[in-house]
Amino acid sequence: MTQLALPFVWPPDPSDDDFLLSESNAAAAAHLRDWRRWPVPASLLIGPRKSGRTLLARLFVKGGGRAIDDADQQNETQLFHAWNAAQADGVPLLLVADAAPPEWRVKLPDLRSRLGATPIARIAPPDDALMQALFERAFLKRGLDARPDLVQWLVARVERSHIALGRAADVLDMAALAERRRLSIPLARAALAAAGMLEGEA
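Read on for a plain summary of the structure.

Thresholds applied
- Residues numbered from 1 in each chain as written.
- Predicted model: local features only at pLDDT ≥ 70, side-chain atom pairs only at ≥ 80, totals over all residues.
- Heavy atoms only, no water.
- Helix = DSSP H or I, 4+ residues; strand = E, 2+ residues; numbered from the N terminus.
- Buried < 20%, exposed > 50% of the residue type's maximum accessible area, 1.4 Å probe, protein only.
- Contact = heavy atoms within 4.5 Å.
- Areas by Shrake-Rupley, 256 points an atom, 1.4 Å probe, with all protein chains shown as cover.
- Salt bridge = Lys/Arg side-chain N within 4 Å of Asp/Glu carboxyl O.
- Pairing = 2+ DSSP bridges.
- Right-handed = clockwise from strand over helix to strand, strands pointing away.
- Axes fitted to C-alpha atoms, helices over the stretch in contact; angles between N-to-C directions.
- Parallel < 35°, antiparallel > 145°, perpendicular 65-115°, else oblique.
- Left-handed = near helix turned anticlockwise from the far one by under 90°.
- Nonpolar A, V, L, I, M, F, W, Y, C, P; charged D, E, K, R; others polar.
- Phe/Tyr/Trp six-rings, centres within 6.5 Å; stacked < 30°, edge-to-face > 60°.
- Core = buried A, V, L, I, M, F, W, Y, C linked by side-chain atoms within 4.5 Å.

1. A closer look at the overall build of the chain
Part 1: When helices and strands are counted, the chain shows eight helices and five strands.
Part 2: Walking the chain from its N terminus toward its C terminus, one meets helices and strands in the order β-α-β-α-β-α-β-α-β-α-α-α-α.
Part 3: Expressed as a percentage of its 202 residues, the buried residues of the chain come to 44%.
Part 4: The contacts in the chain between residues at least 6 apart in sequence include a share of 76% that link residues at least 24 apart.
Part 5: Looking at the chain as shown, the accessible area adds up to about 10,600 Å², and 52% of this sits on carbon and sulfur atoms.

Put into structure tokens, the structure is as follows:
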């Protein structure tokens, strides 16, 4: 079981720890920060892969809670005991998963009933503002010079997911290196079309 545990304090702003806030994830971040108002000392954090959910879980742990990543892939009896422990000692538990029940098929009846009483925080697919910020950060980390018009062009044409965005950044990084050219819309169009990653083009 992957259990995150770090003895620090929740930062005043999640973005201080490299978490980019937007409308797609702000409600989930606020839900975790306000854990004292949860009806039970446990919650589910649901979101797509690469969406920052593990980073949010680490921030939650820094605030004094416990978190289990990929909870939907863990031993159900252990999850059941972890949920009960949170009720007993008052230390809030965050379960990170791809989906909530019933999509997450829970076989253990006792665990299923407890998850049914557990609040859910959801991270949505990235919105335009987050897509733009993520592209800008991805290019900055790769040392690529991308003009604002290219970033806007990409936001309108790359699949709206964190995984697709990361793959697109990798494709453009390799294309710029191979062509020994600065990133541009024509280069991006050719590279992404060749990779089968271009949407919104006739």
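2. Thoughts on the pattern of salt bridges
Part 1: Counted according to the given criterion, the structure contains 10 salt bridges.
Part 2: Among the salt bridges present, the one from Arg 49 reaches Asp 70, with a minimum N-O distance of 3.2 Å. Of this pair, Arg 49 sits in the loop between strand E2 (42–46) and helix H2 (53–62) while Asp 70 is found in the loop between strand E3 (66–68) and helix H3 (76–89), placing the two residues 21 residues apart along the sequence.
Part 3: The salt bridge partner of Asp 98 is Arg 49, with a shortest N-O separation of 3.1 Å. With Asp 98 in the loop between strand E4 (93–97) and helix H4 (109–116) and Arg 49 in the loop between E2 and H2, the pair connects residues that are 49 residues apart, well separated along the chain.
Part 4: In the salt-bridge network here, residues are joined through shared partners; they are Arg 49, Arg 53, Asp 70 and Asp 98.

3. Some words on the pairing of E4
Part 1: Judged by how many residues are buried, E4 sits mostly within the fold: five of five residues are covered.
Part 2: By the bridge criterion, five bridges tie E2 to E4 in an arrangement that is parallel. Across the sheet, Ile 46 pairs through a bridge with Ala 97, a residue of E4.
Part 3: Bridge analysis of E3 against E4 gives three bridges, and the strand direction is parallel. Along E4, the bridge assignment pairs Arg 66 with Leu 93.
Part 4: Running through H3, the crossover from E3 to the neighbouring parallel element E4 is right-handed.

4. Notes on the packing of helix H5 (residues 128–141) against helix H6 (residues 148–157)
Part 1: In contact at an axis separation of 9 Å, H5 and H6 are set at 125 degrees when each is read in the N-to-C sense. With respect to their mutual orientation, H5 and H6 come out oblique. The two elements H5 and H6 meet at a crossing, and its hand is right-handed. Along the contact surface, H5 presents Asp 128, Met 131, Gln 132, Phe 135, Glu 136 and Phe 139, while H6 presents Val 151, Gln 152, Leu 154 and Val 155.
Part 2: Each residue belonging to the contact of H5 with H6 can be placed in one class, and the counts come to six nonpolar, two polar and two charged.

5. Overview of the packing of aromatic side chains
Part 1: All told, the structure shown has two aromatic pairs when counted by the stated rule.
Part 2: Judged by centre distance (5.7 Å) and plane angle (20 degrees), the ring pair of Phe 135 and Phe 139 falls under stacked. In this pair, Phe 135 and Phe 139 are both assigned in helix H5, four residues apart and thus about one turn of the helix distant.

6. Let's talk about the nonpolar core
Part 1: By size, the foremost hydrophobic cluster in this structure holds 27 residues, and its most contacted members are Phe 135, Phe 139, Leu 154, Val 158, Leu 172, Leu 183 and Leu 192.
Part 2: The set of elements that each furnish at least two residues to this core consists of H5, H6, helix H7 (162–179) and helix H8 (185–194).
Part 3: At eight residues, the largest contribution of residues to this core is made by H7.
Part 4: Sequence-distant contacts of Phe 135, defined by excluding residues within four places in its chain, comprise Val 151, Leu 154, Val 155, Val 158, Leu 165 and Ala 168.
Part 5: Among the nonpolar cores identified, the runner-up in size contains 19 residues, and Leu 44, Phe 80, Leu 93 and Leu 115 belong to it.

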